[in-house]
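Inside the fold
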Amino acid sequence: MAENKERIGVYVCHCGTNIAGVVDVEEVARWAKENLGDQGVVISKDYKFMCSSLGQDMIQADIQKEGLTRVVVAACSPHLHEKTFRVAAERAGLNPYLTELASIREQVSWVHKDKVVATEKSKAVVAGAVSRVVMHEPLEPIIVPIAEPTLVVGGGIAGIQAALEIANAGHPVYLVEREPSIGGHMAQFDKTFPTLDCSACILTPRMSEAGTHPNITLLTYAEVEQVDGFVGNFDVTIRQKARCVDTDACTGCGICEQKCPKKVIDDVFEVGLGYRKAIYTPFDQAVPKYPVIDRENCTYFEKGTCRVCEKFCPTDAINFEQEDEIIEINVGNIILATGYDLFDARRIPQYGYGRLANVFTSLEFERMTNAAGPTSGDILLRDGKTVPKSVGIIHCVGSRDRNYNNYCSAICCMQSLKFAHLVDERTSATVYNFYIDMRTPAKDYDEFYQRVLDEGTLFVRGKVAEVTDAARISGEEGKLIVQVEDTLAGKQRRIPLDMVILSAALEPRHDAYETAHKFGIACSANGWFTEKHPKLDPVATMTEGIFIAGAATGPKDIPASVSQGSAAAARVLSYIERGELALEPVRAMINQEQCSGCRICNDLCPYNAILFHEDQMVSEINQALCQGCGTCVAACPAGAITGTVFSDKQVFAQIDGLLFLEKSALVPEMA
């Protein structure tokens, strides 16, 4: 074999005992030096922790002293430390993309027990990495400028927090909310656990600040229709739905709402417990203060008559002819804080919701206990006048259940404890909490649990089997009976109650997948938006410039949502302050001379990064949008698409290296 012109350094990591406990790393390093010299290996070392500062210093010193032109590090997954070693190489003056990270932890030591087999497999993996790194080419990052404005989608507490953080730093923000007012679910609550602060008291000032902030353009009753472009330069199309109210003329006096003769059940804010008018603001503290005409229920749009609101409006702000408006904006970054939906408790028919009158959902109970709610804060049965003498609260309705949602909804335990406290505070009712496990892990949460215990709430550990009104014995007539296995007492129990509250699960928004596709991001199997890394990068997505916050990423309480809103804003501000961003050059490219114009790649790209030029009948990849996933490379029937760092010659070279030990008798065992 002809001597390779490259000078390659191989570094094998012990990773403590993560690798060294199964792989003979000293033997792998020795073997690489003795057997891969013809391929360019001039130095080969092992070290206990290559990712440590001392390990990185060793690589840097060898690059400079030995004149290394390529580096192979046999350690953990590239997903974890590839950037670490690229930066180390760059500090020593070597192009960072002339390094290769070979995974001998996840792909060898973690999946093998036989040390001999694991060591031989590690040699093959290292040989493959050496053959591959020879084919690497120096690359330069793609530089994109960052437009200053930011789009925040979702006007709940996480979206409001993110918008205010960016706006207070002096940068323009567009805050888009599909409902007529910002506030989200938090605006529906009465108290917040564990401090029992009034929800409106802490939320309304934030809403007001967002509504009047000079750097925030508030677009409520609006939805994003299309997103084009890439980080630093997103072109966003927004549909501003017609309120049928001229917001420039409207003063928010409320006369139109008072005079409107049409009442309809409020299925959104009051969750079916109260009424609103056909022209309405969702609640008294709504931001903005402008009402909306519900076209589906307005008598004028139904029959062409009425127009009472128009007659009484003192500023002539009613405009029945108003149409939806299309707004186009350009932003540098996007934060998605679209929140959650509540699990539909009707899906568990044995709990009786929708069939048994006095079974309530958690959100219905929130509205009932709210002083501005349909019962003015009084806890009453469906008849609107009877105070319950016994109340049962069922945890985990639709969550921690393989039939519905496997995950824990994070807030249910504390929410149920809050409900128990409110019932005890406002009635003399006996309160039962039916729980599977009590989860109170955050600051002051367990103390709140102890407080509710001291207040006399009765706790039954066990999953409720059924809520029924079928009486079997004396004392059950006219009651709701909770059938439950009390696992602490070791027996089945039937507990008659006046009211049952279902702590329903938090679920992804019903249109989460559609939203994810629109913005070029991904959803988990459960439907929550997927983070770039669940631990180390929980607010970024795989699409650069698009961030996620709050319950859109998974169930969480108010403090966690606020924290994520701030974290996403901090990431955006770091981009804005830099003015430009260096993107990874690991991208796909199309040889337009080979492109047949079949458009297969256009339909498959998960990031909408491929454009089709009708005039030339060829496709082109937007380098700023492409994430280098390789889907198009694999799918192209003409072989016109190649991926940097994953070209055919690199992959085939790696395969040749992996087969370097093909004559070893251990190879069949390693498959």
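A look at the overall build of the protein chain
On a plain count of helices and strands, the protein chain comes out with 19 helices and 34 strands. Structurally, the protein chain occupies a C-alpha span of about 95 × 70 × 45 Å along its principal axes. Burial statistics for the protein chain: of 671 residues in total, 54% are counted as buried. Sequence-distant contacts in the protein chain: of pairs separated by 6 or more residues, those separated by 24 or more amount to 69%. Total accessible area on the protein chain stands at roughly 30,000 Å², and carbon and sulfur atoms take up 50% of it. In the protein chain, 65 positive and 88 negative side-chain charges are present, and the distance between their average locations comes to 5 Å.

Some remarks on the sheet that holds strand S27 (residues 499-504)
Sheets are built from strands that pair by backbone hydrogen bonding, the pairs being arranged parallel or antiparallel. Pairing is parallel across the open sheet formed by 5 strands, whose spatial order is S20-S27-S21-S22-S23. Either end of the sheet is taken by a strand with one partner, and the two such strands are strand S20 (359-361) and strand S23 (458-461). Each strand axis lies, on average, 20 degrees off the axis of its neighbour in the sheet, ignoring direction. The pairing of S20 with S27 spans 3 bridges and is classified as parallel. From the neighbouring strand, phenylalanine 360 faces S27, where its bridge partner is isoleucine 501. Across the sheet, helix H11 (residues 362-369) lies against S20 and S27, angled at about 90 degrees from S20, the strand it touches most.

Quick word on a nonpolar patch on the surface
On the surface, a cluster of nonpolar side chains totalling about 540 Å² of accessible area is made up of Phe646, Val651, Phe652, Ile655, Leu658 and Leu659. Inspection of the secondary structure assignment puts isoleucine 655 in helix H18 (residues 648-658). When its relative accessible area of 38% is taken as the criterion, isoleucine 655 is described as partly exposed.

Some details on the packing of helix H2 (residues 53-66) against helix H3 (residues 78-91)
A pair of packed helices is captured by two measures, namely the crossing angle of their axes and the spacing between those axes. For the pair H2 and H3, the least separation of the axes is 8 Å and the interaxial angle reads 40 degrees. The angle between H2 and H3 places the two elements in the oblique class. You can see that H2 and H3 cross each other, and the crossing is right-handed. Contacts from Gln56, Ile59, Gln60, Ile63 and Gln64 in H2 reach Thr84, Phe85, Ala88, Ala89 and Arg91 in H3.

Points about the pattern of salt bridges
A complete count under the given rule lists 37 salt bridges for this structure. When salt bridges with common partners are traced through the structure, they connect Glu27, Arg30, Glu34, Glu120 and Lys123 into a single cluster.

Some thoughts on the domain arrangement of the protein chain
Split into domains, the protein chain comes out as domain 1 (8-139), domain 2 (142-241 + 326-339 + 510-583), domain 3 (244-323) and domain 4 (341-507). Relative placement of domain 2 and domain 4: their C-alpha centres are 33 Å apart. Between domain 2 and domain 4, the contact holds 16 residues from the first and 25 residues from the second. When domain 2 packs against domain 4, the two sides together hide about 1,800 Å² of surface, and 62% of this comes from carbon and sulfur. When the buried area of domain 2 at its contact with domain 4 is split by residue, Asp190, Phe193 and Pro194 rank highest and sum to 32% of it.

Concerning the nonpolar core
Among the nonpolar cores identified, the biggest contains 55 residues, and Ile166, Ile216, Ile335, Ile621 and Ile641 are the most heavily contacted of them. Residue assignment for this core shows that the elements contributing at least two residues are helix H6 (157-168), strand S7 (173-177), helix H7 (199-212), helix H15 (558-578), strand S30 (580-583), strand S31 (588-590) and strand S33 (618-621). The greatest single-element share of this core, amounting to 7 residues, is contributed by H6. Not counting residues within four places of it along the chain, the set of residues in contact with isoleucine 641 comprises Ala588, Met589, Ile590, Cys601, Ile621, Cys632, Val633 and Cys636. If you look at the next biggest cluster of nonpolar residues, it comprises 47 residues, including Val12, Val41, Met58 and Ile59.

As for the packing of aromatic side chains
The final tally for this structure, using the stated rule, is 13 aromatic pairs. Their ring planes at 80 degrees and their centres at 5.8 Å tell us that tryptophan 31 and phenylalanine 660 sit as a pair that is edge-to-face. Of this pair, tryptophan 31 sits in helix H1 (residues 25-35) while phenylalanine 660 is found in the loop between H18 and helix H19 (667-670), placing the two residues 629 residues apart along the sequence. Residue class for phenylalanine 660 comes out partly exposed when judged on its relative accessible area of 35%. Each ring, one from phenylalanine 193 and one from tyrosine 445, has its centre 5.6 Å from the other, and the planes form 85 degrees; the classification is edge-to-face. In this pair, phenylalanine 193 sits in the loop between strand S8 (191-192) and strand S9 (197-198) while tyrosine 445 sits in helix H13 (residues 445-454), placing the two residues 252 residues apart along the sequence. Judged by its relative accessible area of 6%, tyrosine 445 is buried. Through a chain of ring-to-ring contacts, three or more aromatic side chains come together here, namely Tyr300, Phe301 and Phe320. Between the NZ or CZ atom of lysine 259 and the centre of the ring of phenylalanine 312, over which it lies, the distance is 5.0 Å. The ring of phenylalanine 189 has lysine 418 lying over it, and the distance from NZ or CZ to the ring centre is 5.4 Å.

Quick notes on the sheet that holds strand S1 (residues 8-13)
If you walk across this open sheet you meet the 4 strands as S2-S1-S3-S4, and the pairing is parallel. Every interior strand has two partners, whereas the edge strands, strand S2 (41-47) and strand S4 (99-103), have only one. Ignoring which end each strand starts from, the neighbouring axes of this sheet average 15 degrees apart. The pairing of strand S3 (residues 70-75) with S4 spans 5 bridges and is parallel. Its bridge partner being in S4, alanine 75 is matched across the sheet by serine 103. Sitting on the sheet, H2 touches S1, S2 and S3, and the angle it makes with S2 is about 165 degrees.

Rules of the game
- Residues numbered from 1 in each chain as written.
- Predicted model: local features only at pLDDT ≥ 70, side-chain atom pairs only at ≥ 80, totals over all residues.
- Heavy atoms only, no water.
- Helix = DSSP H or I, 4+ residues; strand = E, 2+ residues; numbered from the N terminus.
- Buried < 20%, exposed > 50% of the residue type's maximum accessible area, 1.4 Å probe, protein only.
- Contact = heavy atoms within 4.5 Å.
- Areas by Shrake-Rupley, 256 points an atom, 1.4 Å probe, with all protein chains shown as cover.
- Lys, Arg positive; Asp, Glu negative; His and termini not counted.
- Charge placed at Lys NZ, Arg CZ, Asp CG, Glu CD.
- Pairing = 2+ DSSP bridges.
- Axes fitted to C-alpha atoms, helices over the stretch in contact; angles between N-to-C directions.
- Patch = residues over 30% accessible without salt bridge, like charges linked within 9 Å, V, L, I, M, F, W, Y side chains within 5 Å.
- Salt bridge = Lys/Arg side-chain N within 4 Å of Asp/Glu carboxyl O.
- Parallel < 35°, antiparallel > 145°, perpendicular 65-115°, else oblique.
- Left-handed = near helix turned anticlockwise from the far one by under 90°.
- Domains from an automatic or database assignment.
- Buried area = accessible area lost by both parts, 1.4 Å probe.
- Core = buried A, V, L, I, M, F, W, Y, C linked by side-chain atoms within 4.5 Å.
- Phe/Tyr/Trp six-rings, centres within 6.5 Å; stacked < 30°, edge-to-face > 60°.
- Lys NZ or Arg CZ within 6 Å of the ring centre and 35° of its normal.

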